[in-house]
Amino acid sequence: MPKPKIEKKITPLFTAPKGMQDILGEEEHYWRDLQRVVEKEAQSFNFKKIVSPILEDIGLFQRATGETTDIVEKEMFELTTKGGRSLALRPEFTPSVIRAYLENGLYAQPLPVKLYSLGPVFRYAQPQAGRKRQFHQFNFEIIGDKAPVLDAQLISLFWEILKKLKLKNLNIQINSIGCGQCRPAYERVLKDYYQRNLSKLCPDCRRRLKKNPLRLLDCKEDKCRLLANNAPQIVDHLCEECHDHFKDVLEFLDELELPYILNPSLARGLDYYTKTVFEVWPQEKDERQISLGGGGRYDLLVKLLGGRDTAAVGFAGGIERIIDLMKVQKVEPAKVAPPQVYLAQLGETAKKRALKLFKTLIDAKIKVAENFSKDSLKSQLRTANRLGVRISLILGQKEVLEETIIIRDMTTGVQEVVDIKKIVGEVKKRLRR
Ligand code: AMP
């Protein structure tokens, strides 16, 4: 066996920014598989793709996501253009999608409008396991209908994606956080409760209590979690409309036999949610309660951004976390079929002819490997062996002149010379054997 070459490691002049990573090699087929599943389910559920800019006016997130949320308060990547406009890298998709819906007059289409996106999202937080500064989400929104069946349908779509990725032991955490009618009264009750326990709260929650008491419910600090467990529950304070809506969502989930868990502490960190909120958690989740994705209804957001009164519901899945769980659960993503044919060439004339032949073969849907930068036949056949192809095609000066090509069976080593014009049929015939 030849000795492996030991490459001296280079110290690069630049490295990727903290909390951001390249996606390479082994990772790539997880990404490809996930993207394939998301696109396929989006089509089955009749969603249209929307690709919005990664940068948006910073005011969009301040207004939509909310000034008191962690995302807006501390986590936005902000920049000022030369013209003095303040922009932010999107920290989530929903505000961009609603901005695009309004700006492009999509409300004139038959409602509901169903849109999905996939791409990078940026949050400036301290990186740790499962938390990056650049990560990726797939995001689904149904805009223009308040029917509870849509909340259930979206949850089932998320579930279907995770199931198609062969993930196991998951559950759906669900809650209703009411609406403008019933939430204020509940928030007063909640404030009273936390006020009585002020000394037991973390500093962040003490600060948040005045402006956004609901946020205290899903604080991850141990002592705050203990308090949240005994806090008054919003389900006991929902108005009739929110109560009925939530009951209907749960009935639809029962109908779909989806395994949900009522979680009265689930509030989600964003300001725009009304009624249903949900997340999907792995059962083997650790104390940090890593969620794979989540979402909910946001019936007030479209109006808040200048549109008409329009109900909507959506969710986002975190791609890196889903891939991490695929690895933990040892789920093998669908691999791309390896090439079955290797195309080897010898000499300049043959290289030119091989370049054209390569195109003929891929047009005929034959998967071919090659290395046009190599000239030695020995090393090309070595690569063919390593790739485990069934056939190698060998093209030299003589073959080009005679308009032939050599077909080598890589298992037996037997070689045949055939007419190059018939090569597609000859290869297909051998691959069928
Ligand atoms: P959120 O709307 O904040 O709950 O985000 C939706 C999903 O995106 C989460 O459930 C995670 O799977 C993923 N996610 C959120 N923040 C991060 C992060 N900083 N790094 C990696 N994934 C994240």
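The rules behind each value
Residues numbered from 1 in each chain as written. Predicted model: local features only at pLDDT ≥ 70, side-chain atom pairs only at ≥ 80, totals over all residues. Heavy atoms only, no water. Core = buried A, V, L, I, M, F, W, Y, C linked by side-chain atoms within 4.5 Å. Buried < 20%, exposed > 50% of the residue type's maximum accessible area, 1.4 Å probe, protein only. Helix = DSSP H or I, 4+ residues; strand = E, 2+ residues; numbered from the N terminus. Contact = heavy atoms within 4.5 Å. Domains from an automatic or database assignment. Salt bridge = Lys/Arg side-chain N within 4 Å of Asp/Glu carboxyl O. 1 Å grid on protein atoms, 1.4 Å probe; cavity = no way out; pocket = protein on both sides within 12 Å on 5 of 7 lines; lining within 4 Å. Points joined across faces, edges and corners; volume = space filled by probe spheres on them. Nonpolar A, V, L, I, M, F, W, Y, C, P; charged D, E, K, R; others polar. Polar contact = N/O pair within 3.5 Å; in protein donor to acceptor, adjacent residues only side chain to side chain. Pairing = 2+ DSSP bridges. Axes fitted to C-alpha atoms, helices over the stretch in contact; angles between N-to-C directions. Near = heavy atom within 4 Å. Areas by Shrake-Rupley, 256 points an atom, 1.4 Å probe, with all protein chains shown as cover.

Undergrad: Go over the nonpolar core with me, naming the residues and quoting the values.
TA: Counting residues in hydrophobic clusters, the biggest one holds 96 residues, and the most contacted among them are F47, F138, F140, I143, Y194, L217 and I322. Top contributing element to this core by residue count: helix α5 (residues 148–164), with nine residues. Apart from residues lying up to four places away in sequence, L217 is in contact with Y186, L190, Y194, A228, A231, P264, S265 and A267. Among the nonpolar cores identified, the runner-up in size contains 22 residues, and L361, A364, I423 and V427 belong to it.

Undergrad: Report on the domain arrangement of the protein, specifying residues and quantitative values.
TA: Here the protein is described as being made up of domain 1 (26–182 + 238–328) and domain 2 (341–432). Once you take the C-alpha centre of each, domain 1 and domain 2 turn out to be 49 Å apart.

Undergrad: Please set out the pattern of salt bridges residue by residue, giving values where relevant.
TA: Summed over all chains, the structure comprises 31 salt bridges. One salt bridge connects K327 with E27, and the closest N-O pair in it is separated by 2.0 Å. Of this pair, K327 sits in helix α11 (residues 319–328) while E27 sits in helix α1 (residues 25–44), and the two are 300 residues apart along the sequence. According to the relative accessible area criterion, E27 is partly exposed, its value standing at 27%. Notably, a salt bridge pairs R99 with E56, separated by 2.8 Å at the nearest N-O pair. With R99 in helix α4 (residues 94–103) and E56 in strand β2 (residues 55–57), this pair connects stretches of sequence that are 43 residues apart. On the basis of relative accessibility, which here comes to 6%, the residue E56 falls in the buried class. Within this structure, D70, E73, K74, D204, R207, R208 and R215 form a network of salt bridges that share partners.

Undergrad: Break down empty space enclosed by the protein for me, citing the residues and quoting the values.
TA: Which parts of space are left empty comes out when a probe the size of a water molecule is rolled across the atoms. Inspection of the entire model under this criterion finds one cavity of 30 Å³ or more. Taken as a whole, the largest cavity holds about 40 Å³ of empty space. Classifying every residue of the lining of the largest cavity gives seven nonpolar, three polar and no charged.

Undergrad: For helix α13 (residues 377–387), give the residues involved together with the corresponding values.
TA: Restricting attention to buried positions, one finds in α13 the residues S379, Q380, L381, T383 and A384. A distance of 3.4 Å separates the backbone nitrogen of K378 from a side-chain oxygen at the start of α13, and that oxygen is part of S376. Positive backbone phi, approximately 70°, marks G388, located one or two places after α13.

Undergrad: Explain the sheet that holds strand β9 (residues 274–282) residue by residue, including any values.
TA: Judged by pairing direction, the sheet is mixed, and its eight strands sit side by side in the order β1-β5-β6-β11-β10-β9-β7-β8 without closing on themselves. Each edge of the sheet is formed by a strand with only one pairing partner; in this case those strands are β1 (48–49) and β8 (260–262). As defined by bridge partners, strand β7 (residues 170–176) adjoins β8 across three bridges and the pair is classed as parallel. In the sheet register, I172 faces β8, and the bridge partner there is Y260. Against the sheet, α11 contacts β5 (113–122), β6 (134–143), β7, β9 and β11 (312–318), and its axis sits at roughly 110° relative to β6.

Undergrad: Let's hear about the side chain of N175: which residues, and what values?
TA: Its location among the elements puts N175 in strand β7. On the basis of relative accessibility, which here comes to 3%, the residue N175 falls in the buried class. Polar contacts involving the side chain of N175 include one to the main-chain carbonyl oxygen of N263, which spans 3.4 Å. From its side chain, N175 meets the backbone oxygen of P264 in a polar contact 3.3 Å long. If we ignore the near neighbours within four places in the chain, the residues touching N175 are I234, V235, F246, N263, P264, S265, L266, K275, T276 and V277.

Undergrad: Tell me about the site of the ligand, and name the residues and values.
TA: Within the structure, the ligand sits among 13 residues, and R123, K132, Q137, R268 and S291 are positioned closest to it. At a separation of 2.8 Å, an oxygen atom of the ligand approaches a polar side-chain atom of R123. Between the ligand and G293, the relevant distance is 3.0 Å, taken from an oxygen atom to a main-chain nitrogen or oxygen of the residue. Starting from 470 Å² of accessible surface for the ligand in isolation, the protein chains cover 90%.

Undergrad: Describe unusual backbone geometry, and please don't skip the residues or the numbers.
TA: Excluding glycine, a negative phi dihedral is what most residues carry, and trans is how most peptide bonds are arranged. The residue after L111, namely P112, is reached through a cis peptide bond having omega 0°. Relative to the helices and strands, P112 is located in the loop between α4 and β5. With phi around 70°, K166 is a residue other than glycine that occupies positive phi space. Backbone geometry places N169, a non-glycine residue, at a positive phi of 50°. You can see N169 is positioned in the loop between α5 and β7. On the accessibility criterion, N169 (41% relative accessible area) is partly exposed.

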